[in-house]
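Chain and residue survey
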Amino acid sequence: MPHQFQRFRLSRWLKFAVLSCLIFGWLISFHGLGIPSGQAIATGFPPNLLIADTSNSHPDVKVQQGLKLFQAGNALGAIALWQQVLQQTPPNSEAWVKLLQYLVRAQVQVGQVDTAIANLDQLIGYYRQTHDLQQLGRMLTEQAQLYSSLGQQRRAISLLCNEFGAQECRADSALAIARQQADSLGAAAALGSLGNTYRLRGSYTTGIGYLSESLKLAQQLHLSTYEIAAWHGLGNLYTSLVKQYQRQLRAAQATGDTLALQTIQQSLTQSLDQAIAHLEQSLTLARQQQDSWHELRALLNLAALSPYQPAGNRTAADQLQQAKRLLDRLPDSREKAYAAIHLATLWQLASPSSQLTESDLLTRCIQGQRYPVAVEQLLQQAIAIAQRIRDPQSTAFALGRLGHLAECQQQYDQALSLTQQAQITAATAEHRYLWEWQAGRILQATDQTQAAIVAYETAVHTLGSLRADIAIASRDLQFDFRDTVEPIYRQLTALYLSQGSQQPASQNQQEKSQTDSLTAALLVSPDVSIPASEIDAALKTIDRLRLAELQNYLGDECSFTVFPKPITLIDAKTAVLSSVILGDRVAVILSLPQVQNARTQGLQSQVYWLPATSIEVLTTLNQLRLQLEKRSDLADTYLTYSQQVYDWLIRPFQRSLKTAGIETLVFIHDGLFRSIPMAALHDGKQFLVEQYAIASTLSLTLVDPTKLDHAALRVLGFGLTEPAIVNDTTVFEALTYVKSEIDSIQTIFPGSRGFVDAAFTTQRLQQELAQGHYPIVHLATHGKFGIDARETYLVTGGTQTGRQPQEPLPQSASPQKYNEKLTINQLYQIMRNVPLASRVDLLVLTACETAIGSDREALGIAGLALQAGVQSAIASLWQVDDRSTAALITQFYQELQRDNSRAHALQAAQKAWLSQYPDSHPGYWAAFILVGNWL
């Protein structure tokens, strides 16, 4: 490959995900499902019968001293003593095994998960060697729980049952061993751990099946601790569903989809009722068994559900009081420290006027609220606990949270002092960035702008060291990216762009825009007062944000290539327009090539601040997208909104673009701008695509600057003409013109192949790519882009049971036939096995759709292309008339055959359509966008 590149994968960011859980008490709530004897451990199901009981006495004096320290909450002291003894203990002896088990318990409690996993590796090897299969299976479950706590769900599932895609558990997996050995306790633990792991992956139906099996088995065997854990796990799973439906509800509210609102609200209410019922059952059993830790977890999780309940039904205040009394009676431990932090956060949310969530409170303040005295007391208590057990991690969290409390009370000197203590105490980058960011906010609030920029830059640098791992495994955590990561980049960008003047240059005209926004847009010129160095720094920060967004969207399957010299893409005829939403303002940055001796030497940029608030802009974008899809609108209502967006994005730079002789516009868009096809923007006389070839990308560093080899073009086409059913509620209509679409491709490009309906399967796609070289893959089928990569899929003509292919059916489930889904991860697995010499350059998706009002779904198009390893993709943003699609795409391929670039071929096809149908609504032709390489 002629370009150097860097490939990003998971590692330390998964640890950060767990630390984020701890901030909000989720590790306590979701991972710690069964801690016996009041001890804290971060795994998914009760480990007290899986490894040695630390409440027993021991003949060795130092080991006994370690046990006393551990039971008193000093896990670090216990670890030090036990490690001394271990060095003098013969390997593979009974004492050696017992010590390793003790160490695992203690190491997990203080967050030394990697070391605990290594010790479990030794124990697993020992039990394999001694053929103690029952203990082997239990140790595998214990290790799987730890991998799950690190976010490595795939590895956890492999240890517990099988690799994704297999129907039966492997013979050497934890669950298979437990069943073969008739180890009911081990089976209950493995089933519960599987359920919890699938919940963290967002596979809720499968998770319910496994947790229900675990619950049934625990009830049959009268295993009260496991029964409590199963009830609690189911409660947490339904809580995750509540959060999922809440996100969907907000999206439906933004688009005014009343039918969806009713359905989603009903699902949310049902899941909320289930979550409360299961957690209350866990609470009742915990009290009966005098299990204080489970009682505390249930109380905290029930209180956390309060914001989702009607005001009259909220009982959080009483639950928090009970939790506080219970917390005071428990021995010191890391879990107790985090429980105190979690309790303090929930106490802040108990205010009836609060509309924030737990993750909001990490960086935001409740306006006008006087914080209860208990909040500060609990954070002070958490600091004291953490310091007594000598745990720097929980100490840093508690100090940082207390610093944020002072920040919200505008006690900035105290806030900065506490925040700096948290920075110093935080030993690892995985959470230090939070306090660097907090310091930046405090400095900015006290008008120390340059110092604030330094603090923000430090936080961004810290995140940069984690960027390879920004794929967050837990679906709940994935959406908190917008609260705990994304704002840092945006706030730093805003600081850079504020350096020229404290107000944007267009401020006076913005005031006029209240009465005449179009006139204001015409009058305002780009802001030239911002230093070029600050604009460059802002663009680099925006680029880092785009990469972080993409990695967050793709999740734990994230893998893509970054090219370090994107400037080679920009020739004298290409310009880049970047939009960025910064609080209540929106900036657009034009970057033009600086050409010398016919070569691009760099980019020259200028900034324009839109004369409208971000809410006004987003409302206009939503309305434009809505009207673009209404092909039956004879009044062309879309034009009002289309011209407004043109006046915001293009008109301020119109003279510069014309002077530079620009032919191609590349958009790097933010938020809802991604959901709008730029081709449909209108200047009052013609569409933007009639003036420029258009493409979009998330970042120039993600574009492989390689041109198509037009002489070697062949297409591998697959299509679906028949109606498709992917689940009980999702049915897609027939695509009757797809067959002619596939046939025309084979006529245009000799040597191409096409497969439709039953011949279109994931297996056939894999076989064809392995056997031949096809620079273009054409998929004429329904596709759905969801709010994260797990909800993004294409529909094939194959069949599957009613589950995701990578999810084995629980024994209690019954199969039902649906059309097969081709997921992003499956496409990635197929494409990565294609030899480099036969790589796919262009992926064409002609029947896909994204939801109005969802920028994450539009992000999925770029994500799918990049994850599949292709240079570029053409996809539809909404469902287009089948006949129109066939005609337009056929024209696109004809233009491509004439040696046009990808962008110019799509432009020519759309202009040809407009020439033939000059009064055509853009709903018929504008939905198709080009993402990635436009050459």
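Scroll up a little and you will see the structure.
Residues numbered from 1 in each chain as written. Predicted model: local features only at pLDDT ≥ 70, side-chain atom pairs only at ≥ 80, totals over all residues. Heavy atoms only, no water.

What to know about the overall build of the protein chain
- Along its length, the protein chain carries 36 helices and 17 strands.
- Of all intrachain contacts in the protein chain linking residues separated by at least 6 positions in sequence, the fraction that spans at least 24 positions is 72%. (Helix = DSSP H or I, 4+ residues; strand = E, 2+ residues; numbered from the N terminus. Contact = heavy atoms within 4.5 Å.)

Considering the packing of aromatic side chains
- Per the counting criterion, the structure on display carries 15 aromatic pairs.
- Ring geometry for phenylalanine 718 versus phenylalanine 755: centroids 5.2 Å apart, planes at 20°, classification stacked. Here phenylalanine 718 is found in strand S8 (residues 715-719), whereas its partner phenylalanine 755 is found in strand S11 (residues 753-756), with 37 residues between them in sequence. Taken as a pair, phenylalanine 718 and phenylalanine 755 share a single burial class, namely buried.
- Look at phenylalanine 749 and tyrosine 893: their rings are 5.8 Å apart centre to centre, the planes differ by 90°, and that puts the pair in the edge-to-face class. Placement of the pair is phenylalanine 749 in the loop between helix H31 (738-748) and S11 and tyrosine 893 in helix H35 (residues 882-897), with a sequence separation of 144 residues. Each member of the pair, phenylalanine 749 together with tyrosine 893, is buried.
- Linked through ring pairs, Phe70, Trp82 and Tyr102 together constitute an aromatic cluster.
- Here arginine 441 stacks its cationic end above the ring of tryptophan 437, 5.1 Å away from the centre of that ring.
- We note arginine 714 situated over the ring of tyrosine 774; from NZ or CZ to the ring centre the distance is 4.5 Å. (Phe/Tyr/Trp six-rings, centres within 6.5 Å; stacked < 30°, edge-to-face > 60°. Buried < 20%, exposed > 50% of the residue type's maximum accessible area, 1.4 Å probe, protein only. Lys NZ or Arg CZ within 6 Å of the ring centre and 35° of its normal.)

What about the pattern of salt bridges?
- Evaluation of the coordinates by the stated rule reveals 22 salt bridges.
- The partner of aspartate 328 in a salt bridge is lysine 324, and the shortest N-O contact between them spans 3.0 Å. With a gap of four residues between them, aspartate 328 and lysine 324 both fall in helix H15 (residues 316-329), about one helical turn apart.
- Taking relative accessible area as the criterion, aspartate 328 reaches 41% and is therefore assigned partly exposed. (Salt bridge = Lys/Arg side-chain N within 4 Å of Asp/Glu carboxyl O.)

What to know about helix H19 (residues 412-425)
- Between the first and last C-alpha of H19 there are 20 Å, a value that for 14 residues agrees with the 20 Å anticipated at 1.5 Å per step.
- Within H19, burial applies to Ala415, Leu416, Leu418, Thr419 and Ala422. With its buried residues spanning 170° around the axis, H19 presents them on a single face. Of the residues in H19, the exposed ones pointing more than 90 degrees away from the buried face are Asp413 and Ile424. (Expected span 1.5 Å × (residues − 1). Arc of directions from axis to C-beta.)

Focus: the environment of isoleucine 488
- By the secondary structure assignment, isoleucine 488 is in helix H24 (residues 486-497).
- Residue classification places isoleucine 488 among the buried residues on the basis of a relative accessible area of 0%.
- The sequence separation of isoleucine 488 and leucine 463 amounts to 25 residues, and the corresponding C-alpha distance is 9.6 Å.
- If sequence neighbours within four positions are ignored, isoleucine 488 has contacts with Tyr433, Trp437, Tyr456, Ala459, Val460 and Leu463.

Here's the deal with helix H4 (residues 75-87)
- For H4, built from 13 residues, the straight-helix expectation of 18 Å at 1.5 Å per residue is met to within 8% by its first-to-last C-alpha distance of 18 Å.
- When H4 is considered as a whole, its buried residues turn out to be Ala75, Gly77, Ala78, Ile79, Leu81, Trp82, Val85 and Leu86.
- Among the structural elements, helix H3 (61-71) and helix H5 (94-109) are those in contact with the buried residues of H4.

A look at the pairing of S8
- Counting buried positions over the five residues of S8 gives five, a clear majority of the element.
- Going residue by residue along S8, you find Val715, Gly717 and Gly719 tucked away on one face and Leu716 and Phe718 tucked away on the opposite face as well.
- As judged from the five bridges shared by S8 and strand S12 (residues 776-784), these two strands associate in the parallel manner. Its bridge partner being in S12, leucine 716 is matched across the sheet by valine 777.
- The pairing of S8 with S11 spans four bridges and is parallel. (Pairing = 2+ DSSP bridges.)

Considering the nonpolar core
- Membership of the largest hydrophobic core comes to 114 residues, with the highest contact counts inside it found for Ile650, Leu657, Leu681, Leu688 and Tyr893.
- Excluding residues within four positions of it along the chain, leucine 688 makes contact with Tyr646, Ile650, Leu665, Phe667, Met678, Ala679, Leu681 and Ile694.
- Counting 105 residues, the second-largest nonpolar core is a separate cluster that includes Leu211, Leu268, Leu349 and Leu378. (Core = buried A, V, L, I, M, F, W, Y, C linked by side-chain atoms within 4.5 Å.)

Points about the packing of helix H8 (residues 153-160) against helix H10 (residues 184-201)
- With their axes 10 Å apart at the nearest point, H8 and H10 run at an angle of 155° to one another. As summarised for this structure, H8 and H10 are arranged roughly antiparallel, according to the angle between their axes. Handedness of the crossing formed by H8 with H10: left-handed. On H10, the residues that touch Gln153, Arg154, Ala156, Ile157 and Leu160 of H8 are Ala190, Ser193, Leu194, Thr197, Tyr198, Leu200 and Arg201. (Axes fitted to C-alpha atoms, helices over the stretch in contact; angles between N-to-C directions. Parallel < 35°, antiparallel > 145°, perpendicular 65-115°, else oblique. Left-handed = near helix turned anticlockwise from the far one by under 90°.)

Quick look at the packing of H31 against H35
- In the contact formed by H31 and H35, the axes pass within 9 Å of each other and the chain directions differ by 10°. By the angle between their directions, the pair H31 and H35 is classed as roughly parallel. Contact with H31, carried on its side by Val738, Ser740, Glu741, Ser744, Ile745 and Ile748, involves Asp882, Thr885, Ala886, Ile889, Thr890, Tyr893, Gln894 and Gln897 of H35 and no other residues of that element.
- Across the contact of H31 with H35, the residue classes tally to six nonpolar, six polar and two charged. (Nonpolar A, V, L, I, M, F, W, Y, C, P; charged D, E, K, R; others polar.)

Examining the state of the cysteines
- Inspection of every chain in the model, using the stated rule, returns two disulfides.
- Linked covalently through their sulfurs, cysteine 365 and cysteine 408 form a disulfide whose S-S length is 2.0 Å. Residues cysteine 365 and cysteine 408 are joined by a disulfide whose S-S torsion is about -85°; by sign, that bridge is left-handed. Residue cysteine 365 is located in the loop between helix H16 (334-349) and helix H17 (373-388), and its partner cysteine 408 is located in helix H18 (residues 392-408); the two are separated by 43 residues in the primary sequence.
- Look at cysteine 365 and you get partly exposed, because its relative accessible area is 24%.
- Looking at the protein chain, its bonded cysteines, counted consecutively from the start of the sequence, adopt the pairing 1-2, 3-4. (Disulfide = S-S within 2.5 Å.)

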